[in-house]
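# A structural walkthrough
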Amino acid sequence: MFLLKFLALAALVLGSAANNGDVLVIKIGAIFFDSEMALAEAFDAAVEEVNALMPELQLEAIKHYVTIDDSIVLQDLSCDMIGNGVAAILGPSSKTTSDIVEVLCNMTGIPHLQFDWHPQQSARERLNHQLTINVAPSELIISTALSDILRSKEFDWKSFTIAYERDTLTPKQVKPPYKTQRLQLTPDGQREDFNLEVYNPIIDRVTHIWNKDFQLVDYETIRENSTQAMKQRRLENKEDFSRKPVVYTVATRVGKPYFSWRKEPEGVHFEGNERFEGYAVDLIYELARECKFDFVFEPVRDNKYGSYDAATDEWDGIIRQLIDNNAQIGICDLTITQARRTVVDFTVPFMQLGISILSYKQPPAQADIYGFLNPYGVDVWLYVMVAMLVTAMALILAGRMDPCEWEAPVVNERREQERENIWHLHNTMWLVLGSILNQGCDLLPRGLPMRLLTAFWWIFALLISQTYIASLAAFITSSKMTGNIASLHDLIDQNKVKFGTIRGGATSVYFSESNDTENRMAWNKMLSLKPDAFTKNNEEGVDRVKVSRGTYAFLMETTNLQYYVQRNCELTQIGESFGEKHYGIAVPLNAHFRSNLSVGILKLSERGVLYNLKSKWFNNNETTCESGGTVNDDGQFDMDAVGGLFVVLIVGVLISFVIGIGEFLWHVHRIAFKERIKPMVALKGELNFLLRVWLNRKPLRTYRESRDSTSTGYSSLGPLSSTASVKKKKKSKNRSE
């Protein structure tokens with residue numbers, strides 16, 4: 001056993017030594033219990049023999065002894081040896097129940113050698129013992145060997161006894177002399193490929209040999225057939241030293257459209273890498289074909305990109321997996337930052353982008369056809385109409401009191417002189433309305449009281465009308481604006497809409513570490529917002545924008561923003577993108593394959609593969625959004641915006657026509673009463689003249705009684721005497737007199 005330990009230790013050390021002509025001193029640590037002095041002596045003998053065989057290589061043994069099984073003591077001893085720069089640690093034996101030495105060696109990358117049997121570990125337990133090897137045969141394989149031997153029909157044993165060696169047993173007392181063979185260890189550090197010899201002490205020779213591949217075989221048979229059989233087997237099992245594809249573990253996170261779980265159709269089950277889909281999945285497939293490697297996707301458990309926690313001095317997410325060498329490639333929408341480049345390396349960027357503002361798209365406001373009335377409230381309009389009516393009544397009273405407002409005397413039908421006043425309700429309302437509409441009036445006052453009253457009304461009307469025009473212009477300007485936030489500057493200068501980004505992401509790092517005043521103001525405002533303005537991922541931020549309905553905006557990468565905007569009609573982008581950023585593939589520091597991946601990315605870009613992948617996952621969208629609004633992009637209004645003006649015009653025309661028809665019918669009634677004719681006759685006569693729009697002069701009588709007393713009493717064939725012909729007859733009669 002001691003010779004086996006010596007050979008294993010020598011192989012471990014010689015494999016790491018460098019032949020440069022100088023004496024190389026390598027420190028080897030060992031931990032023994034105080035009851036294992038014989039093992040310590042064997043360890044010293046092995047070290048001396050190695051130093052004698054290799055003069056250019058000198059091993060320096062650092063030994064520690066423990067009296068009890070104490071994990072704290074073992075931890076202190078291990079840390080002390082690691083601090084002294086040991087190249088490997090031997091022990092302790094299986095007497096200890098703690099695995100602290102294995103864990104520390106695994107964390108620091110120092111090989112750890114076990115020289116006796118230890119309980120076989122599960123695959124999960126081996127995660128913390130990856131640098132530990134055990135030269136003792138595997139527990140499972142040795143049990144299989146004993147089972148095969150005991151069940152063998154060649155021995156036909158009825159009973160058996162298994163004798164274990166004692167600590168006092170020395171190699172010289174072992175019969176036959178202890179022999180070993182070339183150590184072959186599995187990737188898990190277990191020794192499974194070994195020969196177990198069945199020794200018969202009566203005849204003092206080996207009778208059978210047990211092997212994992214051949215089981216129990218007679219020793220003579222092996223001697224007879226070993227030459228040809230072993231040669232043939234060696235040829236068949238000859239190790240292939242040809243270059244094989246390297247298998248990389250790809251760490252990523254779930255997040256559309258870069259990486260997501262693939263939906264399984266009914267009756268179909270995906271395994272391995274077929275379970276995933278997305279931009280990053282297709283990109284890795286293309287790179288694997290270009291760079292000749294295999295890969296296995298491993299989504300990180302915390303689903304984080306990788307941010308540094310100053311409190312714990314640790315990284316998380318994808319970056320953590322690369323630091324711990326649990327993955328060789330990290331890919332997703334992972335931004336290249338200076339902080340990340342201090343712990344991992346990046347390939348050339350495969351995507352260039354910026355930062356944009358994601359906001360809720362407010363639905364277009366319903367058109368208000370009476371929006372021209374909005375500059376004044378209802379109460380103001382009522383007060384204006386009351387003022388108009390009161391002013392009109394005041395003008396009537398002032399006009400009647402002022403002698404200057406009465407016309408010159410005229411003779412009436414009864415040959416009496418009388419004076420007329422033009423300031424009645426019709427004229428005063430016309431003056432008031434014309435003044436407030438800035439149209440003026442042909443009726444002007446002559447007396448001082450009337451002029452003063454009219455002047456003050458004009459001042460009031462001027463201020464009311466001009467204030468209305470200014471308010472209407474401001475109202476139209478504000479209504480044409482689709483939103484008061486058009487950039488990051490506008491977002492900072494307001495308090496109505498809150499905004500945030502992913503906590504610990506590259507966008508938050510951009511704002512927190514920026515020296516730009518505006519970016520620092522945005523970061524400080526995000527920190528002060530309550531409730532918390534930060535989110536765990538893009539999906540949470542997008543959902544928060546939808547739920548807020550205009551009270552929250554989300555800062556995110558432009559490509560991701562365009563992806564969500566194209567698939568959500570209620571979302572929109574505010575302003576232009578800013579802050580140039582790049583996505584890259586992360587690899588461990590000083591990884592030799594980084595340049596190979598970078599060259600592969602450049603080749604894919606030159607062939608247009610990256611462009612096609614981006615079009616496939618970002619622009620391929622079946623969602624259609626309807627666009628609408630009352631204001632066009634060129635600033636022009638449609639009929640929904642100015643329809644109220646036409647309504648006012650139509651109502652005014654209808655009212656004027658209704659009043660005109662009423663006056664027309666009243667005029668017909670007066671003609672029928674005065675001329676003592678039937679109303680229908682007068683109506684037909686007036687209608688007949690009304691429809692002859694080409695006639696500009698109207699006779700005093702538009703009707704004529706029929707000589708034969710027809711039922712209508714009106715003849716449309718008779719000539720109508722005009723006013724001019726009547727005047728000519730009067731003039732000729734006066735001349736004849």
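Conventions we followed
- Residues numbered from 1 in each chain as written.
- Predicted model: local features only at pLDDT ≥ 70, side-chain atom pairs only at ≥ 80, totals over all residues.
- Heavy atoms only, no water.
- Helix = DSSP H or I, 4+ residues; strand = E, 2+ residues; numbered from the N terminus.
- Buried < 20%, exposed > 50% of the residue type's maximum accessible area, 1.4 Å probe, protein only.
- Contact = heavy atoms within 4.5 Å.
- Areas by Shrake-Rupley, 256 points an atom, 1.4 Å probe, with all protein chains shown as cover.
- UniProt positions renumbered as here; feature names shortened; annotations may be inferred.
- Salt bridge = Lys/Arg side-chain N within 4 Å of Asp/Glu carboxyl O.
- Pairing = 2+ DSSP bridges.
- Axes fitted to C-alpha atoms, helices over the stretch in contact; angles between N-to-C directions.
- Patch = residues over 30% accessible without salt bridge, like charges linked within 9 Å, V, L, I, M, F, W, Y side chains within 5 Å.

Within an unreviewed UniProt entry, the label attached to the protein reads Glutamate receptor ionotropic, kainate 1, and the organism entered is Drosophila arizonae.

With that settled, the discussion passes to the overall build of the protein. Counting secondary structure elements, the protein contains 22 helices and 23 strands. Taken across its 737 residues, the protein has 35% of its residues classed as buried. Taking contacts inside the protein between residues at least 6 apart in sequence as the whole, the part at least 24 apart equals 63%. Of the accessible surface of the protein, which amounts to about 46500 Å², a share of 56% is contributed by carbon and sulfur atoms.

With that settled, the discussion passes to the environment of Gly500. Positionally, Gly500 belongs in strand E20 (residues 498–500). On the basis of relative accessibility, which here comes to 0%, the residue Gly500 falls in the buried class. As for Gly500 and Leu529, which are separated by 29 residues in sequence, their C-alpha atoms are 8.9 Å apart. Sequence-distant contacts of Gly500, that is, excluding residues within four places in its chain, are made with Met526, Ala533, Tyr552, Ala553, Phe554 and Leu555.

Below, the discussion takes up the UniProt feature "transmembrane region" (unreviewed entry) in the protein. The UniProt entry lists residues 380–398, 455–476 and 641–666 under the feature "transmembrane region" (unreviewed entry), expressed in the numbering used here. Here residues 380–398 is 100% helix and 0% strand, with 26 Å between the C-alpha atoms at its ends.

Our next topic: the pattern of salt bridges. Inspection of the entire model under this criterion finds 13 salt bridges. Here Lys63 makes a salt bridge to Asp44, at a shortest N to O gap of 2.6 Å. Placement of the pair is Lys63 in strand E2 (residues 57–66) and Asp44 in helix H2 (residues 37–53), with a sequence separation of 19 residues. Residues Asp282 and Lys616 are paired through a salt bridge, measuring 3.0 Å at the closest nitrogen-oxygen approach. One end of the pair, Asp282, is in helix H7 (residues 279–291); the other, Lys616, is in helix H19 (residues 609–619), with 334 residues separating them in the sequence. Overlapping salt bridges, with partners in common, bring together Glu290, Lys603 and Arg607 in one network.

Okay, the sheet that holds strand E4 (residues 112–114) next. The sheet built from five strands is open, its strands ordered E2-E1-E3-E4-E5 with parallel pairing. The open sheet terminates on both sides in strands that have one partner only, identified here as E2 and strand E5 (132–134). Mean inter-strand twist for the sheet, computed between neighbouring axes without regard to direction, equals 25 degrees. Bridging between strand E3 (residues 88–90) and E4 involves two bridges; their strand directions are parallel. Counterpart to Leu90 in the pairing with E4 is Leu113.

Here we take up a nonpolar patch on the surface. The grouping of Leu448, Leu452, Phe456, Ile459 and Leu463 at the surface amounts to a nonpolar patch, some 550 Å² of accessible area in total. In this fold, Phe456 is placed in helix H12 (residues 448–480).

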